[in-house]
Amino acid sequence: MRTATLLAAAWLLLSIPAAASGQPQGPDSGTLNDQAIALSKGGAYAEAIEIWWRVLEREGPGYAHAAVIHRNRGRNYQKLGALPEARWHLNEAVRATDKPHAKALEWLDAVDAALAKEHLEVIIDVEGRDGEVFVEE
């Protein structure tokens, strides 16, 4: 009986989650990205978007592959017809790098053209703390 108790205690100690040791739990960001790509290729765009969001949250600001993640999210939002969200992510993908991916630029142009059919872009520019707001066409 005592041997069984010691074996059970040893098993419990060995099965403590990685979080207790400060290591991240679950698959790494590369594995998550691969899962999201597979989901996207299978047409599960919303699910892929959520996984890419987890990658961005996990990696934080300055993530080296943020432009790729934003490009993928933007394209998936575009496929879902969520054009404002697609525009934001594609714009982030373009701004995140000195040499934007050609497809990101192409998709951003397509999203802008589709949005222009039913939406008007409004730019608000405020100068200084007590500045005035000017709306330009």
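(A) Structural view of the packing of helix H4 (residues 66–80) against helix H6 (residues 102–118). Relative to each other, H4 and H6 sit at 35°, their axes nearing to 11 Å. The two elements H4 and H6 cross, and the hand of that crossing is left-handed. From H4, Arg71, Arg75 and Gln78 reach across to H6, where they touch Ala104, Trp107, Ala110 and Val111. A per-class count over the contact of H4 with H6 returns 4 nonpolar, 1 polar and 2 charged.

(B) A look at helix H2 (residues 29–41). For H2, spanning 13 residues, the distance from its first C-alpha to its last is 18 Å, which sits close to the expected 18 Å at 1.5 Å a residue. As for H2, its buried residues are in contact with helix H3 (45–59) and H4. The N-cap of H2, judged by a side-chain oxygen 3.3 Å from the amide nitrogen of Gly30 a few residues on, is Asp28. Looking one or two residues past H2, Gly43 carries a phi angle of roughly 90°, positive in sign.

(C) Summary view of the side chain of Asn76. With respect to the helices and strands, Asn76 occurs in helix H4. Within the local environment of Asn76, its side chain forms a polar contact with the backbone oxygen of Asn72, the two atoms lying 2.8 Å apart. Every residue in contact with Asn76, bar those within four places of it in the chain, is listed here: Ser40, Tyr45, Ala48, Ile49 and Trp52.

Calculation notes
- Residues numbered from 1 in each chain as written.
- Predicted model: local features only at pLDDT ≥ 70, side-chain atom pairs only at ≥ 80, totals over all residues.
- Heavy atoms only, no water.
- Axes fitted to C-alpha atoms, helices over the stretch in contact; angles between N-to-C directions.
- Helix = DSSP H or I, 4+ residues; strand = E, 2+ residues; numbered from the N terminus.
- Left-handed = near helix turned anticlockwise from the far one by under 90°.
- Contact = heavy atoms within 4.5 Å.
- Nonpolar A, V, L, I, M, F, W, Y, C, P; charged D, E, K, R; others polar.
- Expected span 1.5 Å × (residues − 1).
- Polar contact = N/O pair within 3.5 Å; in protein donor to acceptor, adjacent residues only side chain to side chain.

Don't take any of this as a statement about function, it's just geometry.
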